[in-house]
Amino acid sequence: MITRRTILRSTGTAAVLTAAPWEELFAGYFEEARTVPYPPESLVTSCGICDSACGMRATVKDGAIRFLQGLPEDPHNEGRLCAKGTASAWIKNDPDRLKFPMMRTNPRKGLEEDPRWVRVSWTEALDTIAARFREIRDKYGQEALLAVSRSSPAWFARLYSALGMERVDHNDMCYGVDIVVSQRTIGAHTFAWDLENARYIVLFGWDMMTRAKLVLANRLLHAKENGARVVNFNPLHTATAKFSNEWHPVRPGGDLAIALAMIHVLLKENLYDKEFVDKYTNFAQYENEIRSHFQKYTPEWAETESDVPASVIWRVAREFGTTKPAVAPLHKKTLAANYENAAPMCHAIAILNILAGNIDRPGGHYFPRTISIPSLDAIWKPPAYPKLPAKRVDGREKLPLAGSYGMFSTLADGMTRVYPGRVKFLFWNNYHLNSFPDYRRIAEALKTVEFMVLVDILPMDAMYFADVVLPSTMFLEGSDLISRTYNAKSPFVVVRQPVTPAPFETKSASYIAIELGKRLAPDYFKKPDGAWLNGSELLDEQVKRAGLGESFADFRKKGFFAKEQAFTPRTTFATATGKCQIYVPEFAAKSHDPLPNWRPKRDLPGPEYPYYLITTLPGEHKRNSTQNNPILNEIGGESYVQIHPSTAQKHSIRNGGLVRVRSRVGEALGRARLTETVRPDVIGVPHGFGHKSAWLSVAGGKGFTDNDLVPAQSIEEAYQHGNWLGAGCIMDCVVAIEPAD
C-alpha cells in the first residue's frame, strides 16, 4: 500500500517531493503498462454500438460472455474499445430486453396508455402483420404505407422496396447535408481523414475526443504525437478543446463566418495549393466568380458574427494555407445538421480542404480503399421494384437536391398537418422517439396510425404506439462482413459473428424480412430456382465473391482480412466534371448558391429566449440508445444542464439546483451544473435522456429531455428559409432559464 509515510521513508525527506521528477519517486510502486493477452479461445467479432464497428475479441465461458476487448490487429481502433463497446454485453443480458412477440389489446394509444400486451407466437404475429398490411394497402393504397427505418440491414431494405413502402430516416438530423455537398464538391462522401499525417488541423465543432469515437480520436491523438497543431472552434470547452493547441469559443452558428473568412484570406493572399487547384479543380473555369464572391467575407466582418478576433482568423488562415498538409475534418451531426446554415457550412469546409490540396492526399480527406462486398440485390437480382409515391409524407421531394435520405424534422408535420391520417401502416425499426425534435408532436402523429409494427431490442418509448412488437437480436448475436471505411488507407474486412446464441425468442432482421417477404412479396424473396432466400447463403456468396474465403464459416475462423497496399492518390474525381468543384454548377442549375453565402442560424436570442441551446453527446453513451445500461450511467452520472456561473447568478440558480429550461415549443427540467466551460450566452444540455418508457428500469423517466425543447419544422419552412438541403436544425433553438426548486 502506498502512503505518504512510505514515500517519505523511501526518499528521506519531504523536500525531495518537490525536487525530483515524479516518475523517479514512484518508480518502485508501479509496473510499466502491458497489453493484456487475449485467451486463445476468444472469438473475433465487431462492435455494433455505432457505425465505426470496432474489432472485438469476446471471451466466452460456459455459454456466457466473460470479457470484451479490442482486436489488436484492427487498425481502426488499435486494440481498444470505448466504454460503450466494452459494456455492450449488458444490452444482451438486460433484464428489460424484449423476449417474445407481443400484441396490443388496448385500442387506445398514447404515452399515458397501458397497451395491455399479450404474448403471441411468431407465426401469429407475422400472419397478423401480413393480413393487416394487405387490408390497409387494398383499402387506402400505397401512400398509406411507411417505414421509419435506416436503409440497412439489406434484408429490410429489400422488404420495403418490394412492398413499395416510402422510407424515412434520421439523416437530416445527422449528416445528410454533407452527403450531398461532398458528392457535388469532391465526388463522394467519406469519413476517412488522414489526421495522423496532417501538420495543421482546424476543428469546427468536431469533438471526437469527448464523444470517444476511437477510430477518429486515435487519428487526432497520433496527429498531436507527430507534432500537428490543432485549432478548435467550439462554443463549449470540451475534452477535445483541452487536447487542442488553442480553443476559441465561437458564437453558435458563427463557424460559417470563420470558414468564409479563411477562404477570403487564402484567395486574397494566394495561399492555396496552386498545383492541386490548377490540375484537379474547376477553379480556373470560375476563378473570377470565386474571387469576387469571397471578397466581402473579411476576417473583420467575421469577427462581428463569430466573436472570434479578426487577428486570430487572419493568423489561422495563413497558417492553414502555409502548413502542409492542412485539413479541416467534418463528421456526423456537428455543423452538418446543427444549424439551418448547414449547406453553406459543409460547402465552405469542402472548399477549405480543396484549396489546401488535401483531397485524397496524405494528411487530408481521402477515399477509403476497400474490399467490395457485393450487395444482396447484386447477388440475387430482384424483379423491378414498384414505383414509390411521388409525394412523400416528409415532403422531401420539395427539396430536389436533398438526396435520398429522410427527414425526421418534418415527419410529424407531414403526418398531422399536410397529410393528416394518410399513414395507416407503419413499420418502425430500431428508432427511438428521442431521435425526433419536438417529442410531443411525433407522439401525437403516431396516435393517428391505424396499425404499427415495431422491431426493437429494448422496450423503448415507441412501444406505446405499436400494435405488434417483434423482439430482434443484437450485434453480439448476429453475422455480417464489415469493410472498413473510416480508417482505410488499405483494405481491411472484419467479421461479425454470434458469440453466444440469441436468447429467448429473439429473431434476426433476415428472419423477420424473409418471413414477411414470403407472405407479402414472394417473388422478391426467391432464388432463380424457386428456393427461398436465406441469410446464411447470402453471407457465403458475399465471402466467395469478395475473395475472402470459401464460405462464411471459413472467414469466421480467420476473423479478419487485411491487405497492405500503397496509397496512390486519385487524379480524377467522381463529380460531373471529373474534378473537385469549388463552384458547383448543379446547385446553380436549381437556383441555389453555387458558392457558400453567409446565413445566420435560424433562431437568435431575444428578450423572451435570451440563450443559445447547445446539445452535447456524452462519450459514455451512444446518443439515446444506451441509457438503460447501469454501467454507463454510473460513468456519466445524472444528466445535467450546463450554465455559466455569471448566467446562473443573474437568475438565482444554484449549482445542483433544479432548473427549468423553456423554448418556443416546450420545457424541460434538470439539475444545474455551473461551469465556465460554456459561454455565458449558452445553455448546454446532454442529448438522449428522459425516456418515457416505464418498462426501462434504469432509464425510464430519468434525465433531461432535450427533445422537448428542439423545434421541428415544416417542409415549407425549410424551403422558404433557404434550407434547401434539409438540415434538421438541431441547435437552431434559443431558450430561457429559471430556478425550479
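Procedures and definitions
Residues numbered from 1 in each chain as written. Predicted model: local features only at pLDDT ≥ 70, side-chain atom pairs only at ≥ 80, totals over all residues. Heavy atoms only, no water. Helix = DSSP H or I, 4+ residues; strand = E, 2+ residues; numbered from the N terminus. Rg over C-alpha atoms; globule rule 2.2 N^0.38 Å. Buried < 20%, exposed > 50% of the residue type's maximum accessible area, 1.4 Å probe, protein only. Areas by Shrake-Rupley, 256 points an atom, 1.4 Å probe, with all protein chains shown as cover. Lys, Arg positive; Asp, Glu negative; His and termini not counted. Charge placed at Lys NZ, Arg CZ, Asp CG, Glu CD. Pairing = 2+ DSSP bridges. Axes fitted to C-alpha atoms, helices over the stretch in contact; angles between N-to-C directions. pLDDT = per-residue confidence, 0-100. Contact = heavy atoms within 4.5 Å. Salt bridge = Lys/Arg side-chain N within 4 Å of Asp/Glu carboxyl O. Phe/Tyr/Trp six-rings, centres within 6.5 Å; stacked < 30°, edge-to-face > 60°. Lys NZ or Arg CZ within 6 Å of the ring centre and 35° of its normal. Arc of directions from axis to C-beta. Polar contact = N/O pair within 3.5 Å; in protein donor to acceptor, adjacent residues only side chain to side chain. Core = buried A, V, L, I, M, F, W, Y, C linked by side-chain atoms within 4.5 Å. Disulfide = S-S within 2.5 Å.

### Let's talk about the overall build of the protein
For the protein, the count of helices and strands is 27 helices and 23 strands. Taking 27 Å as the expected radius of gyration for a compact globule of 741 residues, we find that the protein reaches 27 Å, a close match to that expectation. Taking the principal axes of its C-alpha atoms as reference, the protein extends roughly 75 × 75 × 60 Å. Taken across its 741 residues, the protein has 59% of its residues classed as buried. For the protein, the accessible area works out to roughly 28700 Å², and carbon and sulfur atoms hold 51% of it. In the protein, the 89 positive side-chain charges and the 82 negative ones have mean positions that sit 2 Å from each other.

### Re the sheet that holds strand β23 (residues 734-739)
The sheet built from six strands closes into a barrel, its strands ordered β18-β22-β19-β21-β20-β23 with mixed pairing. Each strand of the sheet is rotated relative to its neighbour by a mean of 45 degrees, with strand direction disregarded. As defined by bridge partners, strand β20 (residues 658-662) adjoins strand β21 (residues 667-674) across five bridges and the pair is classed as antiparallel. Looking at the pairing, V659 lines up with G670 of β21.

### Quick notes on the confidence of the model for the protein
Detailed reading of the predicted model is not advised wherever pLDDT is low. Confidence along the protein averages 93 in pLDDT terms, with 95% of residues attaining 70 or more. Within the model, the stretch residues 1-20 combines pLDDT values under 50 with 18 contacts to residues more than four positions away or in other chains.

### Here's the deal with the side chain of R211
When you line up the elements, R211 lands in helix α9 (residues 208-211). One buried charge, R211, has no salt-bridge partner; the nearest side chain with opposite charge is D207, at 6.8 Å. In this structure, R211 is in contact with K84, H331, K332, T334, L617, G619 and R623, ignoring residues within four places of it in sequence.

### Observations concerning the packing of aromatic side chains
In this description, a pair of aromatic rings is defined by centroid distance and the angle of the planes. Scanning the model with the defined rule gives 26 aromatic pairs in all. Measuring from ring centre to ring centre gives 5.0 Å for Y297 and W301, while their planes differ by 50 degrees; the resulting arrangement is tilted. Over the aromatic face of Y280 sits the side chain of R361, whose NZ or CZ is 5.0 Å from the ring centroid. The lysine or arginine in question, K424, covers the ring of Y140, its NZ or CZ lying 4.9 Å from the ring centre.

### Details of the pattern of salt bridges
Inspection of every chain in the model, using the stated rule, returns 53 salt bridges. For the salt bridge of D138 with R137, the shortest nitrogen-to-oxygen distance reads 4.0 Å. Accessibility expressed as a relative area gives 30% for R137, which makes it partly exposed. Here D741 ties to R654 by a salt bridge, and the two come within 2.9 Å at their closest N and O atoms.

### Some details on helix α22 (residues 535-545)
Listing the buried residues of α22 in full gives G535, L538, L539, Q542 and V543. Viewed along the axis of α22, the buried residues span an arc of 130 degrees, placing them on a single side of the element. Tucked inside the fold, the buried residues of α22 contact α7 (154-162), α18 (376-379), β15 (480-483), α21 (509-520) and α23 (552-558). Taking the backbone nitrogen of S536 as reference, a side-chain oxygen 3.1 Å away marks N534 as the first, capping residue of α22. In the stretch just after α22, G547 is the one whose phi turns positive, near 75 degrees.

### Section: the environment of K527
Relative to the assigned elements, K527 resides in the loop between α21 and α22. Residue K527 is classed as buried on the basis of its relative accessible area, which comes to 15%. Note: C-alpha distance between K527 and L613 (86 residues apart in sequence) is 53 Å. In contact with K527, not counting residues within four places along its chain, are W380, W532, L533 and E537.

### Some remarks on the nonpolar core
Here is a general trend for soluble globular proteins: nonpolar side chains tend to be buried in one another's company. I201, F204, M262 and W428 are the most contacted members of the largest nonpolar core, which totals 137 residues. Setting aside residues up to four positions removed in sequence, W428 forms contacts with V148, L433, F436, L446, M452, V453, L454, V455 and A462. Of all hydrophobic cores here, the second largest spans 40 residues; its members include M103, W122, A125 and I129.

### So, the sheet that holds β15
A sheet is described by the order of its strands in space; here three strands give the open sequence β15-β16-β17, paired in antiparallel fashion. Of all strands in the sheet, those with a lone pairing partner are β15 and β17 (560-562), marking the two edges. Strand-to-strand twist across the sheet, computed as the mean angle between neighbouring axes with direction ignored, equals 15 degrees. Pairing of strand β16 (residues 492-496) with β17, which is carried by three bridges, proceeds in the antiparallel orientation. Of the residues in β17, the one forming a bridge with F492 is A562.

### Here we look at unusual backbone geometry
Residues S152 and P153 are joined by a peptide bond in cis, for which omega reads 0 degrees. By the element assignment, P153 lies in the loop between β6 (145-148) and α7. That bond from K324 to P325 is cis: its omega, -10 degrees, falls within 30 degrees of zero. The residue P325 is located in the loop between α16 (310-322) and β11 (326-327) in this model. The backbone phi angle of D62 is positive, close to 55 degrees, even though this residue is not glycine. As for its position among the elements, D62 is in the loop between β2 (55-61) and β3 (64-70). With phi around 55 degrees, F504 is a residue other than glycine that occupies positive phi space.

### Digging into the state of the cysteines
Under the criterion given, the structure shown has zero disulfides. The closest cysteine sulfur to the non-disulfide-bonded C54 is located on C50, 6.2 Å from its own sulfur. Under the relative-accessibility criterion, C54 is labelled buried at 10%. Free cysteine: C580, not disulfide-bonded; nearest cysteine sulfur from C346 at 16 Å. By relative accessible area, which is 0% here, C580 ends up buried.

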